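Letter by letter, the chains look like this.
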Amino acid sequence: MPRWFAWPSELKDSGILGINRRNLSYILESNPRRLYPRVDNKLITKSICEANDIPVPETYGVFDKHGEVGRFPELVREITDFVIKPACGAAGRGVMVIAEHVGDIYISPSGRGLRWNEVRYHLSTIISGLHSLGGKMDTVIVERRIVTHPALDSVSVGGTPDVRVILYRGIPVMAMLRLPTHASGGRANLHQGAIAAAIDLSSGQTYGGVCSNRIVDEHPDTHQPIAGIELPNWRHLLDSAMKLSDALEMGYIGVDFVIDAQKGPVVLEANARPGLAIQVANRVGIWPRLERVRSNPDHLLKGDARWRLIDEVANMGL
Amino acid sequence: MSSRSLSQLAIFGLLLIGGVGLAIRHSGRVADRTALEDSLWRLTYDVQFKATGDRTEVRLALPSDSDHVAIETENSTNPMLSERMVRLRPSGTRELVVSTSQQDNYRVTAEFVARLRPRGGWGEPPLQNLSGDTEAKYLSEERTIFPTRNADVLALLRRAESETTSDGGKLQWIFDHCSRDLKHAADNSNDSVLGALRDGSATPLGRARLMVTLCRAAKFPARLVTGFELRQQEQLQPHTWVEVFRDARWLPFDPVYGHARRLPNEFVAARRDGEEIVRTPKSAIAEEIVSKYSIVRLGPPDSVLDRTENHPSQVFDLTRLPVEMHEVLALLLLLPFGALITAFFRNIVGIPTLGTFAPALFAVSFVYADGTSGLLILAVVIIAGLAGRVLVGRLQLLMVPRLSIILTTIILCVVFSVSALDYLNLTPSANAVLLPLVIVTVLIERFYVTTEEDGVGFAMQLVAGTIGVGAVCYMVLSWETIGHIILVYPETHLITVALFIAIGRYAGYRLVELWRFRDLVKTD
């Protein structure tokens, strides 16, 4: 019989982390407020990544004044495809992908043509802070458009799949693959109808699959199976995530990757308040894993001991 | 100290300070009110008598406490006379016994201050049943005063029994007969029961005596009570009424004024089981007794009357401010409750809203404006604002000018809707323009952007959450009693802050998470 709710004790016994406890026990305790700009501003995140040899999409240009916007056509003259995004946008807001451009017309991957003045308006709204947290003045980043790795081609529709890894004290504790669908408008946001699949931390293989809380086995648009996808360069991805987590000095973060056909996993952004939907995608609570990591002394959270701990938490709750 | 124990300490401290503050203010208010509403009465006995024998004694019945009257001071200074206090059994009457062995003219004065509390009083506690002796005493015949076995009395009682069967009915019949059926007799006429029965009219004392006689004949223990009615009088006549023992209580009946089972608060009993305040025993008889009684109303203490004088502590008394400010202050003080409701819905229930304090601010502005015109104007504003946003969106303007255009549109709409409503004689409250217009502007922008970026569904979810939480806020905030109470007891907000801390440290699941994660429960 379908249930309408679970008792708090049942959720607790199943190790489900609620948003209040996430905020009080993990985010408030582990993420000092003064470090937030490192993740809230993608330019800073990017420079930290570059300083630590963590792959990120190549930056073509940056605009932070309305007066500079006029230089944009010149900047992209030689570049076929690129992505425009706000440095301080959240949840993929304000991101514009251009697949090609001819003269004054910029064409999105779905084939929609935009005039230069529409693109310029978009750049201006980003700078005036429409998409930024708190409406502050923002910066436009123009960067390389990721070409999705062939391993994910069968399940990529209208957008780029991304991998979310949650790390606590530098240890990856849970991961998922988010797949855009037609219903989600090409965005990888779960509450807009994107699909999520759990990733086995040890092997980098997907399993399960969930769409708006319902179990799904295949992509609704391509009808390809979601489970059993082997993510390329998985160990490398985890390694990048751990390096970034160390460099950010934040205890509880989510790191979002996309997997480029040439460069492999590259960091898109980091998040100091990663959501809890990853538990739904994994169909398992994250809490026992976090507590397992918490119980470890600091020296066990470095070097090879990390990989042993990852293998250990990977199977917790399953 | 960890943040958790610090929070617990803060909650405890705030609750303690808030509770103590509330208790102090409340008791202070009650004390002030009782000091102003209670009245103090000075009752003076002035008794003159002539001692002719070797031993002379007069006995003064003293006023007694009841649930509404407290005798605060008693004074009698009569240096020539020896005085002692006795309490009579079983009536409980207190007597001041004044005696002398020298022949002379004497004067006894006694003064009492009685506090009359109009509010107090839970009624007298039930007594045990009367002992056999006592019951017999209050049923007994006193041939000259209570001729219970007189044929006329018994005939009257049979009439009562023929009309009603129950004891309660019989008692009511007796009371009705003594208070209503008898005509008023001149003050100097016969006080006796038989005289009253013969003439069909009675003096006040005659009525009371007849009632006691009939009650005793009907086997209801009964007695006369003599006392005073507290009101300003220079020359005061004691008043006599009746007490009947029913259901373990002495119930008062006043056949003269018609009070039954409960006397007005200002009646003070002095002598129970008797019709005189001053009596003299046959064994030591005093002659030419002249007793005078007077009552003076005293004012409340100066400390209470001076309460309205300037004093720095008045800063904490918001009710002292001009009445026109009360509504605004009350609304301001209500806002934290709105925030509390919002915090509860967001952090414990888990309902997201557009803007953190928007629901509370909307609720407050609706309380201040009147509901209908507020809703009407808000509807106009939202429709105009959204339409304006769609149109302005095509112009592709930068954010601040774009928001300013929407704000201007909204303000024009508000102003002209007020004017239009007035033209239609719907006379909107002028306060309707106090809608948080800037917040409305930002909310419209947020709503618009949310629909574009997160889809209409999610935006509608936020709108529904905002409306729901706002409605709950409105229901609480529009409750006038709460506004009044918070104005009188603003320290309540210390408790509110304690609740905020408690919500802020709540690490349990939100209610919506019980639904969201329901499928993740492991079943073994």
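Residues numbered from 1 in each chain as written. Chains lettered and ligands numbered in written order. Predicted model: local features only at pLDDT ≥ 70, side-chain atom pairs only at ≥ 80, totals over all residues. Heavy atoms only, no water.

Side note on the overall build of chain A
At step 1: Along its length, chain A carries 10 helices and 14 strands.
At step 2: Relative to a compact globule of 318 residues, whose C-alpha radius of gyration would be 20 Å, chain A shows 20 Å and is just as compact.
At step 3: Expressed as lengths along the three principal axes of its C-alpha atoms, the size of chain A is roughly 60 × 45 × 35 Å.
At step 4: Across chain A, contacts joining residues at least 24 apart in sequence account for 63% of those joining residues at least 6 apart.
At step 5: If you sum the accessible surface of chain A, you get close to 13400 Å²; carbon and sulfur atoms cover 51% of it.
At step 6: Side chains of chain A carry 36 positive and 35 negative charges; the gap between the two charge centres is 6 Å. (Helix = DSSP H or I, 4+ residues; strand = E, 2+ residues; numbered from the N terminus. Rg over C-alpha atoms; globule rule 2.2 N^0.38 Å. Contact = heavy atoms within 4.5 Å. Areas by Shrake-Rupley, 256 points an atom, 1.4 Å probe, with all protein chains shown as cover. Lys, Arg positive; Asp, Glu negative; His and termini not counted. Charge placed at Lys NZ, Arg CZ, Asp CG, Glu CD.)

Quick word on the pattern of salt bridges
Residue and element names in this part refer to chain B.
At step 1: Within this structure, the stated rule accounts for 38 salt bridges over all chains.
At step 2: Note that R271 and E95 form a salt bridge whose closest N and O atoms lie 2.5 Å from each other. Of this pair, R271 sits in strand β13 (residues 267-272) while E95 sits in strand β5 (residues 94-100); the two residues are 176 residues apart in sequence, bridging distant segments of the chain. The residues R271 and E95 share a single accessibility class, namely buried.
At step 3: For D199, the salt bridge goes to R198, with nearest N and O atoms at 3.3 Å.
At step 4: Using a relative accessible area of 46% as the deciding quantity, one classes D199 as partly exposed.
At step 5: Put simply, R55, E57, R59, R84, E95, R271 and R279 are held in one network by salt bridges that share partners. (Salt bridge = Lys/Arg side-chain N within 4 Å of Asp/Glu carboxyl O. Buried < 20%, exposed > 50% of the residue type's maximum accessible area, 1.4 Å probe, protein only.)

With respect to the environment of V173 of chain A
All names here are of chain A.
At step 1: Turning to its location among the elements, V173 is positioned in strand β9 (residues 171-179).
At step 2: Since its relative accessible area comes to 0%, V173 is described here as buried.
At step 3: Note: C-alpha distance between V173 and L201 (28 residues apart in sequence) is 7.8 Å.
At step 4: Discounting residues that sit within four places of it in the chain, V173 has contacts with I166, L167, Y168, L201, I286, R289, L290, V293 and V313.

Structural notes on the sheet that holds strand β3 (residues 69-75) of chain B
All names here are of chain B.
At step 1: Strand order in this open sheet of 4 strands is β3-β6-β1-β15, and the pairing throughout is antiparallel. The open sheet has two free edges, formed respectively by β3 and β15 (287-298), since each of these has just one partner strand. Each strand of the sheet is rotated relative to its neighbour by a mean of 20°, with strand direction disregarded.
At step 2: As judged from the 10 bridges shared by strand β1 (residues 39-51) and β15, these two strands associate in the antiparallel manner. Note on β15: the bridge partner recorded for L40 is L298. (Pairing = 2+ DSSP bridges. Axes fitted to C-alpha atoms, helices over the stretch in contact; angles between N-to-C directions.)

Looking at the domain arrangement of chain A
Put simply, an interface is often sized by how much accessible area is lost when its parts join up.
Residue and element names in this part refer to chain A.
At step 1: Partitioning chain A into structural domains gives domain 1 (8-54 + 149-314) and domain 2 (59-144).
At step 2: The centre of domain 1, based on its C-alpha atoms, is set 27 Å off from the matching centre of domain 2.
At step 3: With 13 residues of domain 1 in contact, the opposing surface of domain 2 contributes 14 residues.
At step 4: Of the roughly 1000 Å² buried between domain 1 and domain 2 on both sides combined, carbon and sulfur atoms contribute 43%. (Domains from an automatic or database assignment. Buried area = accessible area lost by both parts, 1.4 Å probe.)

Some points on the packing of helix α7 (residues 234-248) of chain A against helix α10 (residues 304-314) of chain A
Residues and elements named next belong to chain A.
At step 1: For the pair α7 and α10, the least separation of the axes is 12 Å and the interaxial angle reads 115°. One finds that α7 runs roughly perpendicular with respect to α10. Crossing angle aside, the handedness with which α7 passes α10 is right-handed. Of the residues in α10, those touching α7 at R235, L238, D239, M242 and D246 are R306, W307 and I310.
At step 2: Here the residues of the contact of α7 with α10 sort into 4 nonpolar, no polar and 4 charged. (Parallel < 35°, antiparallel > 145°, perpendicular 65-115°, else oblique. Left-handed = near helix turned anticlockwise from the far one by under 90°. Nonpolar A, V, L, I, M, F, W, Y, C, P; charged D, E, K, R; others polar.)

Focus on the UniProt feature "transmembrane region" (unreviewed entry) in chain B
Residues and elements named next belong to chain B.
At step 1: As annotated by UniProt and renumbered to match this structure, "transmembrane region" (unreviewed entry) occupies residues 328-345, 375-392, 404-424, 430-449, 456-477 and 483-508.
At step 2: Between the C-alpha atoms that bound residues 328-345 the distance is 26 Å, and the span itself is 100% helix and 0% strand.
At step 3: For the annotated span residues 375-392, helix accounts for 100% and strand for 0% of the residues, and the straight-line distance between the end C-alpha atoms is 25 Å. (UniProt positions renumbered as here; feature names shortened; annotations may be inferred.)

Details of the packing of aromatic side chains
At step 1: One pass over the structure, following the stated rule, counts 20 aromatic pairs over all chains.
At step 2: With a centroid separation of 5.7 Å and an interplanar angle of 50°, the aromatic rings of Y45 of chain B and F228 of chain B are classed as tilted. Linking Y45 of chain B in strand β1 with F228 of chain B in strand β9 (residues 222-229), this pair joins segments that are 183 residues apart in sequence. With respect to burial, Y45 of chain B and F228 of chain B carry one shared label: buried.
At step 3: By the ring-pair criterion, three or more aromatic residues cluster together here, those being F63, F72, F82, Y106 and W116 of chain A.
At step 4: Directly above the aromatic system of F220 of chain B lies the positively charged group of R246 of chain B, at a separation of 5.6 Å from the ring centroid.
At step 5: Against the face of W41 of chain B rests R297 of chain B, its NZ or CZ located 5.7 Å from the ring centre. (Phe/Tyr/Trp six-rings, centres within 6.5 Å; stacked < 30°, edge-to-face > 60°. Lys NZ or Arg CZ within 6 Å of the ring centre and 35° of its normal.)

A closer look at the UniProt feature "domain: Transglutaminase-like" (unreviewed entry) in chain B
At step 1: Following the UniProt record, one finds the feature "domain: Transglutaminase-like" (unreviewed entry) at residues 196-257 of chain B.
At step 2: A distance of 17 Å separates the end C-alpha atoms of residues 196-257 of chain B, which is 29% helix and 39% strand.

Side note on the environment of L230 of chain B
Residues and elements named next belong to chain B.
At step 1: Along the chain, L230 turns up in the loop between β9 and β10 (239-246).
At step 2: For the pair L230 and V69, spaced 161 residues apart in sequence, the C-alpha separation works out to 10.0 Å.
At step 3: Residues in contact with L230, not counting those within four places in the same chain, are W41, L116, E266, V268 and I295.

Here's the deal with the interface of chain A and chain B
At step 1: Each partner contributes to the interface: chain A provides 43 residues, whereas chain B provides 30 residues.
At step 2: Note on chain A versus chain B: buried area summed over both sides is about 3300 Å², and carbon and sulfur give 54% of it.
At step 3: In this structure, the connection of chain A to chain B is made through 0 salt bridges.
At step 4: At the boundary of chain A and chain B, one finds 8 residue pairs in polar contact (both at pLDDT 80 or more). (Polar contact = N/O pair within 3.5 Å; in protein donor to acceptor, adjacent residues only side chain to side chain.)

Comments concerning the pairing of β9 of chain B
The side chains of a regular strand alternate between both faces of the sheet.
Residue and element names in this part refer to chain B.
At step 1: Taking burial as the measure, the 8 residues of β9 include 8 buried ones, the bulk of the element.
At step 2: The sheet contact formed by β9 and β10 spans 6 bridges and is antiparallel. Bridging across to β10, R223 finds its partner in E243.
At step 3: Here β9 runs beside β13; their pairing, made up of 5 bridges, is antiparallel. Paired with E229 across the strands is F267, a residue of β13.

Section: the domain arrangement of chain B
Residues and elements named next belong to chain B.
At step 1: Under the domain assignment, chain B is made up of domain 1 (40-125 + 224-299), domain 2 (131-220) and domain 3 (317-517).
At step 2: Taken together, the 18 residues of domain 1 in the interface contact 22 residues of domain 2.
At step 3: A buried area of about 1700 Å², summed over both sides, lies between domain 1 and domain 2, and 71% of it is on carbon and sulfur atoms.
At step 4: A salt bridge links D273 to K137, with the shortest nitrogen-to-oxygen separation between them at 3.1 Å.

Section: a nonpolar patch on the surface
At step 1: On the surface, a nonpolar cluster with roughly 520 Å² of combined accessible area is contributed by F12, L16, I17, V20 and I24 of chain B.
At step 2: Mapped onto the elements, I24 of chain B comes out in helix α1 (residues 3-37). (Patch = residues over 30% accessible without salt bridge, like charges linked within 9 Å, V, L, I, M, F, W, Y side chains within 5 Å.)

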